[in-house]
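# Chain and residue survey
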Amino acid sequence: MEKSRPTLLLLLLILIVIFVAAPVAVSAEKFVVGDKQRWAPNVNYTAWSDSHRFHVGDWLVFYFEKGMYDVMEVNATAYEACAGDDPIVNWSRGDSFAYQLNRTGRYYFICSRGYCYGGMKVSILAETLPPLAPSPRPQDDSAAVTSAPRRFSAWLAAVSGAVALALVLWFP
């Protein structure tokens, strides 16, 4: 058993190096449709969607009054006509609906219960995630300051994981 401890420590060291060198993963964002006004009549959803950038993987969350409104994903023609006859997705249960943007392109959502004509509809453009920014140059202090918390978080996660793994392996 004593002979395997140096091997375990070497494995631990390799894991630490891998975790520290790995880029920080970019996670999807969650957008509450309409922000504080939610999915309801008399909200300017065009202004709301224009004020955000949406990417593949992001989530749209519709909060609405139960039994009063619904959410339908429709095509562009149905969006313009406020027609909910042949929806792509139809959600009318409960008081919320979460939808993940799973492709690039334009998405169209309406309320089919007559409120679409009053503006209760939103069009979303989902784009691909931008590539990770290159590492800042050493003389660029402002960029180094903003990326320091991310580097520290990645380092802390790697060290914490390594210590936990060492404890489990060292004291079975």
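Now for a look at the structure at hand. For every chain, the first residue of the written sequence is number 1, and numbering continues from 1 onward in sequence order. For this predicted model, a pLDDT threshold of at least 70 governs which residues receive local features, and a threshold of 80 or more governs which side-chain atom pairs are given and counted, while totals over whole chains, interfaces and linings are taken from all residues. Side-chain measures here rest on the full set of heavy atoms in the structure, leaving out hydrogens and waters.

## A closer look at the sheet that holds strand β3 (residues 59-63)
Hydrogen bonds along the backbone pair up the strands of a sheet, which may run parallel or antiparallel. Should DSSP find at least two bridges between two strands, the strands are regarded as paired. Strands here are runs of E lasting at least two residues and helices are runs of H or I lasting at least four, both read from the DSSP assignment and numbered beginning at the N terminus. Taking strand neighbours across the sheet as the criterion, the three strands line up as β1-β3-β6 in an open arrangement whose pairing is mixed. Looking at strand neighbours, the two that pair on one side only are β1 (30-32) and β6 (96-100), the edges of this open sheet. Along the sheet, successive strands turn relative to each other by an average axial angle of 20°, direction set aside. What counts as an axis is a line fitted to C-alpha atoms, over the stretch in contact for a helix, and the angles between N-to-C directions run from 0 to 180 degrees.

## Some points on the environment of Gln-37
You can see Gln-37 is positioned in the loop between β1 and α2 (45-50). The spatial distance from the C-alpha of Gln-37 to the C-alpha of Tyr-63 is 9.1 Å, given a sequence separation of 26 residues.

## Re the state of the cysteines
By convention in this document, the label disulfide applies to cysteine sulfur atom pairs within 2.5 Å. For the structure on display, the rule yields one disulfide. Here Cys-82 connects covalently by a disulfide to Cys-116, the sulfurs 2.1 Å from one another. Taking the torsion about the S-S bond as the criterion, the Cys-82 to Cys-116 disulfide, at about -70°, is left-handed. One end of the pair, Cys-82, is in the loop between α3 (76-81) and β5 (89-91); the other, Cys-116, is in the loop between β7 (105-110) and β8 (121-127), with 34 residues separating them in the sequence. In this structure Cys-111 is not part of a disulfide, and its nearest cysteine sulfur, from Cys-116, lies 7.8 Å away. Throughout this description, buried means an accessible area under 20% of the type-specific maximum (1.4 Å probe, protein chains only), exposed means over 50%, and partly exposed covers the range between. For Cys-111, a relative accessible area of 1% translates into the label buried.

## Re the sheet that holds β8
The five strands are arranged β2-β8-β7-β4-β5 in an open sheet whose pairing can be described as mixed. This sheet does not close on itself; its edge strands, each paired only once, are β2 (54-55) and β5. Alignment of strand β4 (residues 71-74) against β5, held across three bridges, turns out to be antiparallel. By the bridge assignment for β5, Glu-73 is matched with Val-89.

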